[in-house]
Amino acid sequence: METIVDEPQWLRTASWLGCPLVGAAIGWFLQSIADWVVSLSWVPFKGPFQLVSDIPDPWGPIAGAGAGLVLGLLFAAAWAHERLIVKVTPTRITLTVKGRTRAYEAKLQAVFFDDKELVLLAADGRELARQKSDVDRKAVAKAFIEHGYPWHAEPPAVK
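Definitions and cut-offs
- Along each chain, residue indices are assigned from 1 in the same order as the chain's sequence is written.
- Only residues with pLDDT of at least 70 get local features here, since the model is predicted, and only at 80 or more are side-chain atom pairs given and counted; chain-wide, interface and lining totals rely on the full set of residues.
- Hydrogens and water are ignored here; the side-chain numbers use all heavy atoms of the structure.
- The numbering of helices and of strands both runs from the N terminus, where a helix is a DSSP run of H or I of at least 4 residues and a strand a run of E of at least 2.
- Three exposure classes are used, based on accessible area relative to the maximum for each residue type with a 1.4 Å probe and protein chains only: buried under 20%, partly exposed in between, and exposed over 50%.
- Contact criterion: two residues are considered in contact whenever any of their non-hydrogen atoms come within 4.5 Å of each other.
- The charge count includes Lys and Arg as positive and Asp and Glu as negative, but it does not include His or the ends of the chains.
- We put the charge of a Lys on NZ, of an Arg on CZ, of an Asp on CG and of a Glu on CD.
- What a helix should span is 1.5 Å times the count of its residues minus one.
- For this analysis, a nonpolar core means a set of buried residues of the types Ala, Val, Leu, Ile, Met, Phe, Trp, Tyr and Cys, connected via side-chain atoms within 4.5 Å.
- Any two strands between which DSSP finds at least two bridges are classified as paired.
- Here the axes come from fitting lines to C-alpha atoms, over the contacting stretch only for helices, and the angles between their N-to-C directions go from 0 to 180 degrees.
- All the domain ranges listed were derived from an automatic or database domain assignment.
- UniProt positions are given in the numbering used here, feature names are shortened, and annotations may be inferred rather than shown by experiment.

Undergrad: Quick question: what am I supposed to make of the overall build of the protein chain here?
TA: Counting its regular elements, the protein chain contains five helices and eight strands. Mapped from its N terminus to its C terminus, the protein chain presents α and β elements in the order β-α-α-α-α-β-β-β-β-β-β-α-β. If you line up the protein chain on its principal axes, its C-alpha atoms span 65 × 35 × 25 Å. Across the 159 residues that make up the protein chain, the buried fraction comes to 35%. Taking the intrachain contacts of the protein chain between residues at least 6 apart in sequence as the baseline, contacts between residues at least 24 apart amount to 53%. Computed over 17 positive and 17 negative side-chain charges, the inter-centroid distance for the protein chain is 6 Å.

As structure tokens, this is what we get:
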């Protein structure tokens, strides 16, 4: 039996759809925003805003929306690349992040979150893994407990 803890499917889908749409919407209005910034007397470095403001219609909003769409896709890809996937079985823990998968089969002394980092401590006290993640803490705790690992709600005291 294997338990996989990952971001929910709705969040993964929303990131791939939402980030490009939000980027395109911001890009569509970028020329209007640039016009407004150029009209402010106290803003330094108006040059880049003036360049955007001077793009003729309808190319300004279209180019802005296209650039925003691409930037949104790049942001969604970076988000997907950075997310942590935790697979737990009774004999192995597999952590996948940034396209790299690491498996751990050592006997563990403790598994816990230290702030936003998932930490695996070997039986001899060595730190096997420390991985930053926004993964659901309750789901991770449940997965480790169900498979018989020594889960700690708080970082254990150092001996």
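Undergrad: Please explain helix α4 (residues 59-82) as it appears in this structure.
TA: In an α-helix, one turn spans 3.6 residues; hence positions three or four apart end up facing the same way. Taking 1.5 Å as the rise per residue, α4 with 24 residues should run 34 Å; its terminal C-alpha atoms sit 34 Å apart, in good agreement. Listed in full, the buried residues belonging to α4 are G60, P61, G64, A65, G68, G72 and A76.

Undergrad: I keep staring at the nonpolar core and nothing clicks. Help me out?
TA: As a rule of thumb, soluble globular proteins bury nonpolar side chains together. The biggest cluster of nonpolar side chains holds 21 residues, and the ones touching the most others in it are L95, L118, L120 and F144. Those elements giving two or more residues to this core turn out to be β2 (85-88), β3 (93-97), β5 (108-114), β6 (117-122) and α5 (137-146). Counting residues per element, this core draws most heavily on α5, at four residues. Contacts of L120, omitting those with residues within four sequence positions, involve I93, L95, Y104, L108, A110, V111, R126, E127, L128, A129 and F144.

Undergrad: For this particular structure, what's the right way to read the sheet that holds strand β4 (residues 100-104)?
TA: Sheet strands line up and pair through hydrogen bonds in the backbone, either parallel or antiparallel. If you walk across this open sheet you meet the four strands as β1-β2-β3-β4, and the pairing is antiparallel. Two strands in the sheet have a free side with no partner beyond their single neighbour: β1 (3-5) and β4. Strand-to-strand, the axes of this sheet are offset by a mean angle of 15°, without reference to chain direction. Bridge count between β1 and β2: three bridges; the pairing is antiparallel.

Undergrad: How do you make sense of the domain arrangement of the protein chain when you look at a structure like this?
TA: Think of interface size as the accessible area that goes away when the parts come together; that is how it is often given. Taken domain by domain, the protein chain comprises domain 1 (7-81) and domain 2 (84-152). One C-alpha centre belongs to domain 1, the other to domain 2; they are set 38 Å apart.

Undergrad: Teacher, can you tell me more about the UniProt feature "transmembrane region" (unreviewed entry) in the protein chain here?
TA: Here, the residues flagged by UniProt with the feature "transmembrane region" (unreviewed entry) are residues 21-42 and 62-80. Here residues 21-42 runs as 82% helix and 0% strand, with 32 Å between its end C-alpha atoms. Helix makes up 100% of residues 62-80 and strand 0%. Its end C-alpha atoms lie 27 Å apart.

Undergrad: Is there a simple way to think about unusual backbone geometry in this case?
TA: Negative phi values dominate among residues other than glycine, just as trans dominates among peptide bonds. The step from D57 to P58 runs through a cis peptide bond, and the omega angle for that step is 0°. Here the phi dihedral of K98 falls at roughly 55°; this positive angle occurs in a residue that is not glycine. Residue placement: K98 occurs in the loop between β3 and β4.

Undergrad: Where do I start with the pairing of β3 in this structure?
TA: Residues in a regular strand project their side chains so that they alternate between the two faces of the sheet. Along β3, five of the five residues are buried, which leaves the element largely enclosed by surrounding structure. Of the two faces of β3, the one carrying I93, L95 and V97 and the one carrying T94 and T96 are both buried. Examined bridge by bridge, β2 and β3 share four bridges and lie antiparallel to one another. If you follow K87 over to β3, its bridge partner there is T94.

Undergrad: How should I be thinking about the sheet that holds strand β8 (residues 151-152) in this particular structure?
TA: The strand order β7-β6-β5-β8 describes an open sheet built from four strands, whose pairing is mixed. Because the sheet does not close on itself, it has two edges, and the strands there are β7 (127-132) and β8.

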